[in-house]
Amino acid sequence: MLLREVEYVKPSSVAEAIELLVENEGARALAGGQTLINVMKARAASPDALVDLNGLEELKGIDLAPDGTLTIGAMTTYSEIVASAEAKARPILGEVCAQIADVQVRNRGTIGGNICSNDPTNHLPPLVTAVGARMTILGRDGERVVSAEEFFLGVYMTAVGPGELLTRVTIPAGKGDGFAAVTLGVDGTCIANAAASIQDGSLRVALGCVDAVPVLLRPESADADAVREAVRAAGLEPPSDVHASSEYRRHLAEVLAVRAAAQAAERAGG
Amino acid sequence: MATVASSKSITVTVNGTTYEREVPARKLLIHFLRDDLDLTGSHIGCDTGNCGACSVIVDGTLVKSCMMLAVQADGATIETVEGLAEDGELNELQRSFNEHHALQCGYCTPGMLMSATALLRANPSPSEQEIRKALQGNICRCTGYWNIIEAVKAVAK
């Protein structure tokens, strides 16, 4: 399909990418393009210019600190996370990335693109919320670090403002994590999903596909009844679409939260 | 500072031949291959990134060429289905597709071959499960998956 007319530029540094985004109103950062190029075909997005972040080594790579903290560059692909020895320090990351779409998409799609697009059906927004990731956003005036709760603002909206870039995602040490999803076919788009993580004995569950942003819950325990109670108390009003009614999604949220929490508890105890 | 432009001169090497072309920024890689270079082996099935018929290998990485801009391929080495045959003869994988009746209408075949090629390079001895996972991004609307998997299995070491 022919895209609408668009301009293109490939910066040679992150600083130059920021300048280009600031100088060109209507420009958007192009990460892996596995969402953006498709929505451009459908004219659901029509940026005037694309600032291509591919090739910026500063935005790539996975670093494991001695204390277990993982720092993942925003332009690191799902395939790189799946293959990374460092990322195995937090096994859930590679496990979930290996469930996204297919080989071709995983080879180009990036962690930064996934969370910056904040499509409510994406895998990674609930996951980074559950594990307590922190996002580093760089702009002309310097960088700031925000929590997942502050990062996701609405459907397709995040704290990354005009002229800014997400540069890296920092994930604390941990292993007590879980993830569960009901998808359209194996590894397909999520109809509903849930991520869970136990840190210092306290459980965080983040639900995807049920609201504009991941819904963070803190059930009292990973016990099924406690998790169900927490999901019910959240008073979810999920959207209805061709794949699932609102009521069915609410039911799935409960079931998947219980599964994800049980997996997290099993791993935290092991 | 680099400047934004609506077109760019790119140099790409496709199946061993180097091409230099001026391409509009909005042109997808699949259209560049098919329309500009006349390499029509790579197909456009869905044009939405789902079917995998446009799969090609860019700098050693399997991608769907409908989800990449041609300008992004500047400097890249690209392999398409036209590059698989060796000295005009079908290669082992292609012969195996033929022998196992792994193509019916044939529309998905170029993408299937490129995905299987990428798999066998990374993992010369894939299990059936690994073959299925590797071909997940390629849809066959004749639903002839069984023989495709058999064809790949037959060339696995």
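Residues numbered from 1 in each chain as written. Chains lettered and ligands numbered in written order. Predicted model: local features only at pLDDT ≥ 70, side-chain atom pairs only at ≥ 80, totals over all residues. Heavy atoms only, no water.

(A) Spatial organisation of the sheet that holds strand S3 (residues 49-52) of chain A. Residue and element names in this part refer to chain A. Overall, parallel pairing links the 3 strands, which are arranged S1-S3-S2 in an open sheet. Looking at the sheet topology across the chains shown, the edges are occupied by strand S1 (7-9) and strand S2 (27-30). The average undirected angle you get between the axes of adjacent strands in this sheet is 25°. Here S2 pairs with S3 via 4 bridges, running parallel. Looking at S3, one finds that Arg 28 is bridged to Leu 50. (Pairing = 2+ DSSP bridges. Helix = DSSP H or I, 4+ residues; strand = E, 2+ residues; numbered from the N terminus. Axes fitted to C-alpha atoms, helices over the stretch in contact; angles between N-to-C directions.)

(B) Main features of the domain arrangement of chain A. Residue and element names in this part refer to chain A. When its domains are assigned, chain A resolves into domain 1 (7-52), domain 2 (63-171) and domain 3 (177-269). Buried area between domain 1 and domain 2, both sides added, is near 1000 Å², and the carbon and sulfur share of it is 70%. Contact with domain 2 buries surface across domain 1, with Ile 18, Ala 31 and Gln 34 losing the most and accounting together for 44% of the total. With its nearest N and O atoms 2.9 Å apart, the salt bridge here joins Arg 140 to Glu 23. If you look at where domain 1 meets domain 2, you find 2 residue pairs in polar contact (both at pLDDT 80 or more). Counting residues per element, the side of domain 1 that touches domain 2 draws most heavily on helix H1 (residues 14-23), which supplies 7 residues. Class assignment of the residues belonging to the side of domain 1 that touches domain 2 gives a composition of 7 nonpolar, 2 polar and 2 charged. (Domains from an automatic or database assignment. Buried area = accessible area lost by both parts, 1.4 Å probe. Salt bridge = Lys/Arg side-chain N within 4 Å of Asp/Glu carboxyl O. Polar contact = N/O pair within 3.5 Å; in protein donor to acceptor, adjacent residues only side chain to side chain. Nonpolar A, V, L, I, M, F, W, Y, C, P; charged D, E, K, R; others polar.)

(C) Focus on the sheet that holds strand S6 (residues 134-139) of chain A. All names here are of chain A. Read across the sheet, 5 strands follow the order S4-S5-S10-S6-S7 without closing on themselves; strand pairing throughout is antiparallel. Each end of this open sheet is capped by a strand with a single partner; those strands are strand S4 (62-64) and strand S7 (142-147). Sheet twist, expressed as the mean angle between neighbouring strand axes with direction ignored, is 20°. Where S6 lies against strand S10 (residues 165-171), 5 bridges are found, and the strand directions are antiparallel. Looking at S10, one finds that Thr 136 is bridged to Arg 168. Against the sheet, H1 contacts S6 and S10, and its axis sits at roughly 130° relative to S10. (Contact = heavy atoms within 4.5 Å.)

(D) A look at helix H9 (residues 224-233) of chain A. Residue and element names in this part refer to chain A. Taken together, the buried positions of H9 are Ala 226, Val 227, Ala 230 and Val 231. Seen end-on, H9 carries its buried residues on one side only, within an arc spanning 135°. Along H9, the residues that are exposed and aim more than 90 degrees away from the buried face are Asp 225, Arg 232 and Ala 233. Packed against the buried residues of H9 are strand S13 (202-208), strand S14 (215-217) and helix H10 (246-269). Immediately downstream of H9, the backbone of Gly 235 shows phi near 55°, a positive value. (Buried < 20%, exposed > 50% of the residue type's maximum accessible area, 1.4 Å probe, protein only. Arc of directions from axis to C-beta.)

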